[in-house]
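# Commentary on secondary and tertiary structure
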Amino acid sequence: MESAIDTHLQCPRTLSRRVPDDYQPPFPMWVARADSSLQQVAMVYLGVQYREESQRPAALAALRHIVGTFDGTDGPVQHDLTDHVDNSGYHNLMVVGYWNAPAAYCRWLRSDAVKGWWESDERLTEGLGYFREILTPRVDQFETLYAFKDDLPGVGAVMGKISDDISEHAYWGSMRDRIPLSQTDWMQAGGDLTVVSGDPAKGGRVVVRGHDNIALIRSGQDWREAEEAERSLYLDELLPPLEEGMDFLRDNGEAVGCYSNRFARSIDLDGNELDESYNIGHWRSLGHLERWAESHPTHLRIFVSFFRVVTGLEKLRLYHEVSVSDGQDQLFEYLNCHPATGMMRDARVLVG
C-alpha cells in the first residue's frame, strides 16, 4: 500500500487528510505515475457545435481537420473524440488532446495550421460553432483514479506508469487528498468568470477569463471489452443513476457551483458511437464539487451503485481525473456558439 501522492511530490503537511494514517480501503484502486521530469500538462478540449442534422457532415469534416493538426512532433501524446447533445438541443463534437510538454503544446497552438484556421473569418460564416477550453495544470494540481491498471485513458496516457495499491480512496475527501497541492493549500476559488471580449448574446467571437482553482473533472466508463453480465451491470444498474446525476448538473449546475457539465459518448472519426463515455465538468472550485458529491441525492445514488458492484468488475473500466489550475493557465474561447455553451453561461459581462 502506498500514497496516491508520488514520493517526489510529497512535502510536510500543513493540512491534514480526511482519514487516519492507518486507514485501509475496502478494495484496491490505482493512480497514474510519471517521471519527476513531468512538470505540467495541457488538457485541451476543442469543440464543433451544430444544431441541424444537415450540418453533421460539415461538423465531422471540421472535427477531422482539427485531428489533422495533431500530426507531427508537436501534437498531443493522447487524444480522443466525443459527441453529446446539450440542453439547448445542439450537438457538440469534441476532440480532447493531452500534452506532456508545455513547449510542444505552445508551438502547436501558435502554428499556422491552428492559429490561422481559428482566426480566419471563415469560421464566422460557415454556420458552425467552435470552442476551445484549455487548462494546463502543474503536476501538483491534479489527481487520477483507476479501477484497472493498463492502457490508461486521458491524462494517464501522458504519465505512462501505474502505482501499486493506494490508500487514498473509498472515503469522502479522498479526491482532494490525492492532489499533491492539498498538502498545503485549500485550493479555493479566486475570482469570477468574466467575459473579456465579445458578447455571448450576439454570438461571434467571445473570450472568457477564468480564475484560480477552477476544478475540472473527467469521469469515464468503458464497456468495450465487457461481456454480457458486466454490460448489463453497467447499462441497467450504473448508467441510470449516472445519467440522472449528469442531467441534474447539466440543467441545474449553476445552483451548486458547476459551470458546465457534459456527458459525452466516445466516437470515431466518422462519428460512429463507441462503447465508452465520460463526463466533463467544470466547477467553481474543488470544494463545490465535493459538497455536491458528498450531499446531493443524485450523486449519492451514483456512489452507492458503484460500491455495490466495484469488487466484481473485470472488464468494465471506470476511472476519473480531477485537476485545478491557475487562472493564467486557462483559455476559454467561443466562436458562434449559443450563449449557454461552456463557461459563457455563468460569465459576468463587464459593463462600460
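Note that residues are indexed from 1 along each chain, following the sequence as it is written. Given that this is a predicted model, residues contribute local features only at a pLDDT of at least 70 and side-chain atom pairs are listed and counted only at 80 or more, while totals for whole chains, interfaces and linings are drawn from all residues. In computing side-chain properties, one takes all heavy atoms of the structure into account and sets aside hydrogens as well as water.

### Some points on the packing of aromatic side chains
The relative placement of two aromatic rings is captured by the distance of their centres and the angle of their planes. Centres within 6.5 Å are what make two rings of Phe, Tyr or Trp a pair, Trp counting through its six-membered ring; a difference in plane orientation under 30 degrees is then read as stacked, over 60 as edge-to-face, and the rest as tilted. Summed over all chains, the structure comprises 13 aromatic pairs. Here a set of aromatic residues connected by ring pairs shows up, and it is made of Phe70, Trp99, Tyr105 and Trp108. A cation over an aromatic ring shows up here: arginine 51 above the ring of tyrosine 90, its NZ or CZ 4.8 Å from the ring centre. Across from the ring centre of tyrosine 278, 3.7 Å away, lies the NZ or CZ of arginine 218, which sits over that ring. The criterion for a charge sitting over a ring is simple: Lys NZ or Arg CZ within 6 Å of the ring centre, and within 35 degrees of the ring normal.

### Here we look at the pairing of strand β6 (residues 142–146)
Think of it in three bands: with a 1.4 Å probe and only protein chains considered, a residue is buried below 20% of the maximum accessible area for its type, exposed above 50%, and partly exposed in between. Counting from the N terminus, the helices are the DSSP runs of H or I reaching at least four residues and the strands are the DSSP runs of E reaching at least two. Buried residues dominate β6, accounting for 5 of its 5 residues. Residues of β6 alternate between two faces, with Phe142, Thr144 and Tyr146 on one and Glu143 and Leu145 on the opposite face, all of them buried. The criterion for strand pairing is that DSSP finds at least two bridges linking the strands in question. Here β6 runs beside strand β13 (residues 317–325); their pairing, made up of 5 bridges, is antiparallel. Looking at the pairing, threonine 144 lines up with glutamate 321 of β13.

### Concerning helix α6 (residues 228–252)
A helix is expected to span 1.5 Å for every residue after the first. The end-to-end C-alpha distance of α6 is 34 Å, a good match for the 36 Å that 25 residues give at a rise of 1.5 Å each. Here the bend at a residue means the angle between the axes of two seven-residue stretches, the one that ends at it and the one that starts at it. The largest bend in α6 comes to about 50 degrees, at leucine 239, with the proline proline 240 one to four residues further on.

Honestly, that's just the spatial picture; any functional story needs more than this.
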